[in-house]
Amino acid sequence: MKRLFSLIMSFVLVISIIYSNHCIETCFNSLFVKANAFDVSCLSFELNEDYQSYSVSDCKTTAEGDVIIPSVYDELPVTAILEYAFSYCEGIKSVTIPDSVSSIGSGAFYGCSNLVFVDIVGEITEIGDSTFSDCFSLTSISFPETLTTIGNSAFASCTSLVSINLPDSVTFLDEFAFYQCTELTSIHFPESLDTIGSYAFSDCGKLFFEQFPLKLTTIGEDAFYNCSSLTSVTISDNVKSLGSGAFSKCEGITKLNVGCGIVNCGSYPFLNSPNIKEIFVNSTCLLSYMPSTSNLENLVIGDKVTSIPDDCFSSCSKLTTVKIGDGVKSIGNFAFNECESLVSLKIGKGVETIGQFAFNSCSNLTSVEFGESLIFIDEFAFSCCSSLNELILPEGLKTLAGCSFDGLDNCSSILIPKSVSFIDYDAFEGFSGTIYCYYDSVGFDYAVENGIDYIIIDISATNNSYVDYINGVIYTDLSDLSDFSTVVSQEPSVTLSVSPAVSQNNYDILGTGSIVSVFRDGEKVNEFKLSVKNDLTGDGICNVIDVFEAERFSNNHSEPTKEQLYAINGSISEEITVNSYQDIVNAALKK
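Computed from a prediction, not measured in an experiment: that's the story for all the values here.

### A short note on the overall build of the chain
Scanning the chain for helices and strands turns up six helices and 44 strands. In terms of C-alpha radius of gyration, the chain reaches 38 Å, well past the compact-globule figure of 25 Å for 591 residues. Projecting the C-alpha coordinates of the chain onto the three principal axes gives extents of approximately 150 × 55 × 55 Å. Per-residue burial for the chain yields a buried fraction of 47% across its 591 residues.

### With respect to unusual backbone geometry
The backbone of aspartate 134 sits at a positive phi, close to 65 degrees, despite the residue not being glycine. Within the secondary structure, aspartate 134 sits in the loop between strand 9 (126-127) and strand 10 (140-142). Of note, cysteine 403 is a non-glycine position whose phi angle comes to about 60 degrees, a positive value. With respect to the helices and strands, cysteine 403 occurs in the loop between strand 31 (399-400) and strand 32 (413-415).

### Details of the sheet that holds strand 3 (residues 64-68)
Reading across from one edge, 3-6-8-10 is the order of the four strands in this open sheet, with parallel pairing throughout. Edge positions in the sheet fall to strand 3 and strand 10, since each of these pairs with one other strand and no more. This sheet shows a mean twist of 10 degrees between the axes of neighbouring strands, independent of strand direction. Summarising the sheet, strand 6 (residues 91-97) and strand 8 (residues 117-120) pair through four bridges and their orientation is parallel. Its bridge partner being in strand 8, threonine 96 is matched across the sheet by aspartate 119.

### Side note on a nonpolar patch on the surface
Side chains of Val544, Ile545 and Phe548 sit close together on the surface and give an oily, nonpolar patch of about 290 Å² of accessible area. Tracing the backbone through its elements, the reader meets isoleucine 545 in helix 4 (residues 544-554).

### Concerning the packing of aromatic side chains
Tallied over the full model, the rule gives 37 aromatic pairs. With a centroid separation of 5.9 Å and an interplanar angle of 80 degrees, the aromatic rings of phenylalanine 143 and phenylalanine 155 are classed as edge-to-face. Of this pair, phenylalanine 143 sits in the loop between strand 10 and strand 11 (149-150) while phenylalanine 155 sits in the loop between strand 11 and strand 12 (163-165), and the two are twelve residues apart along the sequence. For the pair formed by phenylalanine 143 and phenylalanine 155, the shared burial category is buried. On the basis of an interplanar angle of 80 degrees and a centroid distance of 6.3 Å, the ring pair of tyrosine 469 and phenylalanine 528 is categorised as edge-to-face. Of this pair, tyrosine 469 sits in the loop between strand 37 (466-468) and strand 38 (473-476) while phenylalanine 528 sits in strand 44 (residues 523-532), and the two are 59 residues apart along the sequence. A relative accessible area of 11% means that tyrosine 469 is categorised as buried. Above the face of the tyrosine 438 ring, lysine 418 is positioned so that its terminal group lies 4.7 Å from the ring centre.

### Observations regarding the nonpolar core
Here is a general trend for soluble globular proteins: nonpolar side chains tend to be buried in one another's company. By size, the foremost hydrophobic cluster in this structure holds 136 residues, and its most contacted members are Phe86, Phe201, Phe224, Phe247, Phe336 and Phe382. Residues in contact with phenylalanine 201, not counting those within four places in the same chain, are Leu173, Phe178, Leu184, Ile187, Phe189, Ile196, Leu207, Ala223, Phe224, Tyr225 and Cys227. Core analysis: the next-biggest nonpolar cluster, separate from the first, contains 20 residues, Tyr438, Val467, Tyr469 and Phe484 among them.

### Comments concerning the pattern of salt bridges
Considering all chains together, one arrives at six salt bridges under this definition. Of the charged contacts in the structure, one is a salt bridge between arginine 520 and aspartate 458, with a shortest N-O distance of 2.9 Å. One end of the pair, arginine 520, is in strand 43 (residues 515-520); the other, aspartate 458, is in the loop between strand 35 (453-457) and strand 36 (459-461), with 62 residues separating them in the sequence. Put simply, glutamate 563 and lysine 529 hold a salt bridge, and the shortest N to O gap is 3.7 Å. With glutamate 563 in helix 5 (residues 562-569) and lysine 529 in strand 44, this pair connects stretches of sequence that are 34 residues apart.

### Overview of the sheet that holds strand 17 (residues 232-235)
Pairing between the strands of a sheet is mediated by backbone hydrogen bonds and can be parallel or antiparallel. Pairing within the open sheet is parallel, and its seven strands lie in the order 17-19-21-22-24-26-28. Edge positions in the sheet fall to strand 17 and strand 28 (367-369), since each of these pairs with one other strand and no more. Averaged over neighbouring strand pairs, the angle between their axes works out to 5 degrees when direction is ignored.

### Digging into helix 3 (residues 442-449)
Three or more residues of helix 3 are buried, namely Gly443, Phe444, Tyr446 and Ala447. Projected onto a plane normal to the axis of helix 3, the buried residues spread over an arc of 160 degrees and lie on a single side. On the buried face of helix 3, the contacting elements are strand 33 (422-423), strand 34 (434-438) and strand 35. Glycine 451 occupies a position one or two residues after helix 3 and carries a positive phi of about 65 degrees.

Here is what the cut-offs are and how they apply
- Residues numbered from 1 in each chain as written.
- Predicted model: local features only at pLDDT ≥ 70, side-chain atom pairs only at ≥ 80, totals over all residues.
- Heavy atoms only, no water.
- Helix = DSSP H or I, 4+ residues; strand = E, 2+ residues; numbered from the N terminus.
- Rg over C-alpha atoms; globule rule 2.2 N^0.38 Å.
- Buried < 20%, exposed > 50% of the residue type's maximum accessible area, 1.4 Å probe, protein only.
- Pairing = 2+ DSSP bridges.
- Axes fitted to C-alpha atoms, helices over the stretch in contact; angles between N-to-C directions.
- Patch = residues over 30% accessible without salt bridge, like charges linked within 9 Å, V, L, I, M, F, W, Y side chains within 5 Å.
- Areas by Shrake-Rupley, 256 points an atom, 1.4 Å probe, with all protein chains shown as cover.
- Salt bridge = Lys/Arg side-chain N within 4 Å of Asp/Glu carboxyl O.
- Phe/Tyr/Trp six-rings, centres within 6.5 Å; stacked < 30°, edge-to-face > 60°.
- Lys NZ or Arg CZ within 6 Å of the ring centre and 35° of its normal.
- Core = buried A, V, L, I, M, F, W, Y, C linked by side-chain atoms within 4.5 Å.
- Contact = heavy atoms within 4.5 Å.
- Arc of directions from axis to C-beta.

If you want it as structure tokens, here you go:
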């Protein structure tokens, strides 16, 4: 009897435990569901003016969980979320907006500090002002493909956003759109984007991207202020307006490429961005507000720029190379003053005037290539450029003002063209080398009056030829050299004698390496070597042998002479490149 009673009690106990566990599990699940489910009764709806649809007008601030906005209310579609409907609902975690909704009002989710995820399914075209502003926990948002506009401060201070993928339909980002999204590291800009408003990404210190879309036309004031993780900026030719301080305090930028389209430039768009090392700029408008950076090393000014303003790159102490485009007409006063590391300077074909102190105290400048339109060099333009070892002034130059080249302590030779009509008495103050000049010219008179050694120039280049008087080389790209007057012209008292480099079948061939002797009144006064484009061997033609010779030079198996280097490149200052090698191959194939 006791045994039976004991078995019955054990059975009852087991049943009690099983029932208790079931009750606990049921209770727990009930609590879990209650804690995460969203109570739709927290929402308020407002009948729209068309009496055919509803808008979500309000949500209780005590609402919690994952919000799924219904697509239908009271048998009518829900088409809109009104202004500030969910503002400060700090308990909601996610929001799904159905495809019935086509409008989200300003500030709709303002201050939902615990909102993490938003999925917009509906055909929304605009996210209004401050819609998700101060949603500090927002990490992800899914945009519809119909979206065109992101409003003022729409995502301002969403400090947990890391990545943004804007759909291809977006054309307009308003002011402060992503202001102070401090964790934002990447963004996809669609090709459709036209405008980035003022302060749109200001204080996004971790943001990094490679380039802007080509259709972008406007970058607003301080749009990328303090975006310190940006390393390079490329602004296409289509950008017409660049706001004040657009990239100010972007300390990570080292490379800048600006197209020619800017017509409206605010003041100092790169202010306090001191680490820019390379600049290509093709906008005259922007040059008035270029960053004065001591770290700038390489500068290329494009052909669309027409003038370089005063003081533009003054005291850029690390600047080593400058190339000025052919569209530039004038270089302003002090434009490159005291760029003490500047070594190489190429001045475009269109430059007519160089202003006062433009390159003053560029003490390491060793090479200057002047353009063919240069007329006037102002006072102290190249004063104290003590590392220049030779100076070749271009034909067409007319005026050399006072002290324009004083202090050329290490310069051994200066070529003054026949076109020069005025040289101020102290233009070459302290020069002790040799002046190359034409007889009875202003350059000749200057040399005689100042007791400077001189060498008379008796020949001039014609057609596509060039005479390097100082190094004694005549360059030409003419293939028919039977009439040497097509290569150079000579003064009346001068005769020329040409010795061929190669003789074949009792026929003397003019080509690279031929010797041109200059006689004045029967006395030999000078001698030049001839260099013919693409002819490396001196046989007057370009064939496979010249290709092999160029290949030997390019592989450093042999050193070209100055005249051979010109025959390859058209310049004694350039190395053998892939393009120049290909030119020789092409010329050989045409033979």
